Amino acid sequence: MTERSTRTRRHPLGRLVAGHGGPDTRFGARLALGTALTALAAVPFSLALVLVEAHWAPLYRFDQDVAERLHRSALGSPVRVGLLEFLTHVAWGPLTMRLLVAGVVVWLLRRRAYRLAAWAAVTATAGGLVGLLVKNVVERARPHLPDPVAHAPGYSFPSGHAMTATTSCAVLLLVLLPLVPRAWRPLPWVLAAVAVLGVGYTRVALGVHWVSDVVGGWLLGLAVVTATTLAFEAWRGDTGRPLTTPAEGLEPEIVTEDPEPASRPGGR
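Residues numbered from 1 in each chain as written. Predicted model: local features only at pLDDT ≥ 70, side-chain atom pairs only at ≥ 80, totals over all residues. Heavy atoms only, no water.

As a further point, take a nonpolar patch on the surface. Residues Leu83, Phe86 and Val90 make up a contiguous nonpolar surface patch of roughly 280 Å² in combined accessible area. With respect to the helices and strands, the residue Leu83 is situated in helix α5 (residues 78–91). (Patch = residues over 30% accessible without salt bridge, like charges linked within 9 Å, V, L, I, M, F, W, Y side chains within 5 Å. Areas by Shrake-Rupley, 256 points an atom, 1.4 Å probe, with all protein chains shown as cover. Salt bridge = Lys/Arg side-chain N within 4 Å of Asp/Glu carboxyl O. Helix = DSSP H or I, 4+ residues; strand = E, 2+ residues; numbered from the N terminus.)

Dropping the structure here:
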């Protein structure tokens with residue numbers, strides 16, 4: 001058994017489409033398949049979480065207690081509410097996150113890293129679409145608190161802000177880490193963690209989401225990133241490139257002059 005065949009067998013999605021077309025064709029098929037499987041898995045998973053929230057008293061009490069405590073704190077501090085609004089809508093808001101990802105995609109296209117650009121765009125887009133789908137399937141109501149300090153439209157589960165922060169920070173990390181000196185690489189991870197955890201806190205503190213909404217957004221975002229990353233890694237295996245780890249970034253070759261590998265004759 002060759003080293004390359006061993007790499008291919010490590011990717012379940014790779015086995016499903018192996019042998020059909022060249023690396024680029026298989027890469028596109030894996031992206032679509034991974035996104036579809038994530039969407040199919042997310043809906044029943046989300047429904048199960050909602051059933052747990054509705055019928056399991058400890059989780060319901062926890063959500064309610066945290067929401068009420070943070071709401072009381074917000075009522076007594078208009079300055080704190082203003083800061084939370086800035087963080088949730090501007091610093092870590094979905095528009096900011098999407099613009100950062102869009103900027104990275106444009107940069108990748110200019111670098112001629114077309115597959116990595118496709119991965120980043122598909123991951124961000126799939127995250128938004130899957131989150132919207134689950135929201136409309138679950139139809140969970142947002143918290144109703146006396147004297148609310150903030151309002152948000154639409155359904156509550158999962159938190160779109162938490163999910164967008166998760167997928168966007170993952171894209172930024174996995175694309176840009178190779179450009180960061182190794183000694184400094186813990187810093188981007190810390191900044192990403194602060195953004196993801198911070199935006200989740202702002203949503204609960206402003207009274208527009210339950211804690212379980214935020215956790216659901218994090219988990220669903222991670223599921224989307226995992227599915228598309230598996231597809232990308234399988235494509236790397238098809239083109240003969242070594243597998244990577246999150247600490248290295250998704251494509252360490254992005255630092256080279258020509259980050260895009262040539263397709264092998266016959267796709268092998």
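Between helix α7 (residues 114–138) and helix α8 (residues 160–176), the least distance of the axes is 10 Å, while the angle of their chain directions is 170 degrees. Taken as axis vectors, α7 and α8 run roughly antiparallel relative to one another. When α7 is examined against α8, the residues Leu116, Trp119, Ala120, Thr123, Gly127, Val130, Gly131 and Lys135 are found in contact with a partner set consisting of Gly160, Met163, Thr167, Ala170, Val171, Leu174 and Val175. Here the contact of α7 with α8 is built from residues that sort into 9 nonpolar, 5 polar and 1 charged. (Axes fitted to C-alpha atoms, helices over the stretch in contact; angles between N-to-C directions. Parallel < 35°, antiparallel > 145°, perpendicular 65-115°, else oblique. Contact = heavy atoms within 4.5 Å. Nonpolar A, V, L, I, M, F, W, Y, C, P; charged D, E, K, R; others polar.)

Here the focus is the side chain of Lys135. Examined against the element boundaries, Lys135 turns out to sit in helix α7. Comment: no salt bridge for buried Lys135; closest opposite-charge side chain is Asp213, at 7.2 Å. There is a polar contact of 2.9 Å between the side chain of Lys135 and the backbone oxygen of Pro158. (Buried < 20%, exposed > 50% of the residue type's maximum accessible area, 1.4 Å probe, protein only. Lys, Arg positive; Asp, Glu negative; His and termini not counted. Polar contact = N/O pair within 3.5 Å; in protein donor to acceptor, adjacent residues only side chain to side chain.)

This part is about unusual backbone geometry. Here the residue pair Phe157 and Pro158 is connected by a cis peptide bond, since its omega of -5 degrees sits within 30 degrees of zero. Positionally, Pro158 belongs in the loop between α7 and α8. In this structure, Arg112 takes a positive phi of about 65 degrees despite not being glycine. Judged by its relative accessible area of 47%, Arg112 falls in the partly exposed class.

Running from N to C, helix α9 (residues 186–205) and helix α10 (residues 211–238) point in directions that differ by 150 degrees, and their axes come no closer than 9 Å. When the interaxial angle is binned, α9 and α10 end up roughly antiparallel. Our pair here, α9 against α10, has a crossing hand that is right-handed. Touching Val196, Leu197, Gly200, Arg203 and Val204 of α9 are Val211, Val214 and Trp218, all from α10. (Left-handed = near helix turned anticlockwise from the far one by under 90°.)

Further remarks concern the side chain of Thr164. Relative to the assigned elements, Thr164 resides in helix α8. The class for Thr164 is buried, based on a relative accessible area of 9%. In this structure, Thr164 is in contact with Pro94, Met97 and Arg98, ignoring residues within four places of it in sequence.

Next up on the list: the pattern of salt bridges. In the structure shown here, the tally under the stated rule is 2 salt bridges. Asp63 is the salt-bridge partner of Arg140, the closest N and O atoms lying 3.4 Å from each other. You can see Arg140 sitting in the loop between α7 and α8 and its partner Asp63 sitting in helix α4 (residues 57–75), a full 77 residues away along the chain. Per residue, the accessibility class of Arg140 equals that of Asp63, and both read buried.

Moving on, we get to the confidence of the model for the protein. When pLDDT is averaged along the protein, the result is 79, and 76% of the positions lie at 70 or above. A low-confidence stretch, residues 1–19 (pLDDT under 50), is modelled with 37 contacts involving residues beyond four sequence positions or located in other chains. (pLDDT = per-residue confidence, 0-100.)

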